Amino acid sequence: MKFFIANDVLLVILGVSICAFNGVIAVDTQLLFQTFQLVPDVLTNAPDSLLSAKFNDVNVNFGKELTPTQVKDPPTLNWNSQDTDFYTICMTDPDAPSRQNPTVREFLHWLVVNVPGSDLSRGETLAAYVSSAPPKDTSLHRYTLLVFRQPSRISFESEKYIPNNTREGRKNFSIQKFADKYNFGAPVAGNMYQAQYDDYVPIVSKQLDGQ
């Protein structure tokens, strides 16, 4: 996304240029992804546009810290979609089990394919949504939300469905490799929040253990 400058209001936060006008903020999304090292940790190329994401009544502001409790349910998403196109939605954690030692990078939290336009309810879920669950004492994790435009409606019969009560198929996932496999190209929109351990994490861990 190109920025705009209005009323000579220009802010610089964390080295990322942000422009504001009448309460509307435009950001250089590609620069944000690079600043937070999501390129190259997650993607080869960053999206052009910022994905609008909201967990219940909590908006996702890029890089803002949210709690696992706040994100226990799937978010609502909005992006510049076309009704005739199909999209893939992903939420992934490149910092598993920690950013300092990401031996199971990435951990897949959500994957929905063949979404017509922006109607997630009509998409095909390949990985059921699981809340953020960063282990204790592993500091902040970068939970990355991405939207890819598919070249067409695709058969994903070779992909195994992952329910919300298992880690199988979630560890060492790569959304970049998945996108390359199905010729998605770069994501069209993305966002990211950070989270660290809270009291909801043990509940998620038990869920993933099938308990």
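About the criteria used
- Residues numbered from 1 in each chain as written.
- Predicted model: local features only at pLDDT ≥ 70, side-chain atom pairs only at ≥ 80, totals over all residues.
- Heavy atoms only, no water.
- Phe/Tyr/Trp six-rings, centres within 6.5 Å; stacked < 30°, edge-to-face > 60°.
- Buried < 20%, exposed > 50% of the residue type's maximum accessible area, 1.4 Å probe, protein only.
- 1 Å grid on protein atoms, 1.4 Å probe; cavity = no way out; pocket = protein on both sides within 12 Å on 5 of 7 lines; lining within 4 Å.
- Points joined across faces, edges and corners; volume = space filled by probe spheres on them.
- Helix = DSSP H or I, 4+ residues; strand = E, 2+ residues; numbered from the N terminus.
- Nonpolar A, V, L, I, M, F, W, Y, C, P; charged D, E, K, R; others polar.
- Contact = heavy atoms within 4.5 Å.
- Pairing = 2+ DSSP bridges.

What about the packing of aromatic side chains?
- Tallying each qualifying case throughout the model produces 13 aromatic pairs.
- Their ring planes at 70° and their centres at 6.0 Å tell us that phenylalanine 178 and phenylalanine 184 sit as a pair that is edge-to-face. Each of the two residues, phenylalanine 178 as well as phenylalanine 184, counts as buried.

Notes on the layout of surface pockets
- Roughly 240 Å³ of volume is contained in the second largest pocket.
- Ala96, Phe107, Ala133, Pro135 and Arg167 are, among the 15 residues lining the second largest pocket, the residues nearest its centre.
- Secondary structure elements with two or more residues in the lining of the second largest pocket: strand 9 (107-116), strand 11 (141-149) and helix 4 (201-208).
- Split into classes, the residues belonging to the lining of the second largest pocket amount to nine nonpolar, three polar and three charged.

Some words on the environment of leucine 38
- Within the fold, leucine 38 resides in helix 2 (residues 38-41).
- When the C-alpha positions of leucine 38 and arginine 142 are compared, they lie 8.4 Å apart, and in sequence the two are 104 residues distant.
- Apart from residues no more than four positions distant in its own chain, leucine 38 is found in contact with Phe33, Leu43, Phe62, Pro94, Arg142, Thr144 and Met192.

A look at the sheet that holds strand 10 (residues 124-127)
- One open sheet accounts for six strands, arranged 4-12-11-8-9-10; its pairing is mixed. In the strand order of this sheet, the two ends are held by strand 4 (49-50) and strand 10, each with one partner.
- As paired strands, strand 8 (residues 86-93) and strand 11 are joined by six bridges and run antiparallel to one another. Residue pairing across strands places tyrosine 87 opposite arginine 149, the latter belonging to strand 11.

A few points about unusual backbone geometry
- For the bond from valine 39 to proline 40, the omega torsion is 20°, close enough to zero to count as cis.
- Structurally, proline 40 can be placed in helix 2.
- In this chain, arginine 105 is followed by glutamate 106 through a cis amide linkage whose omega measures -10°.
- With respect to the helices and strands, glutamate 106 occurs in the loop between strand 8 and strand 9.
- With phi around 65°, aspartate 137 is a residue other than glycine that occupies positive phi space.
- Positionally, aspartate 137 belongs in the loop between strand 10 and strand 11.
- The phi dihedral of asparagine 172 falls on the positive side, at around 60°, and the residue is not glycine.
- With respect to the secondary-structure elements, asparagine 172 resides in the loop between strand 11 and helix 3 (175-181).

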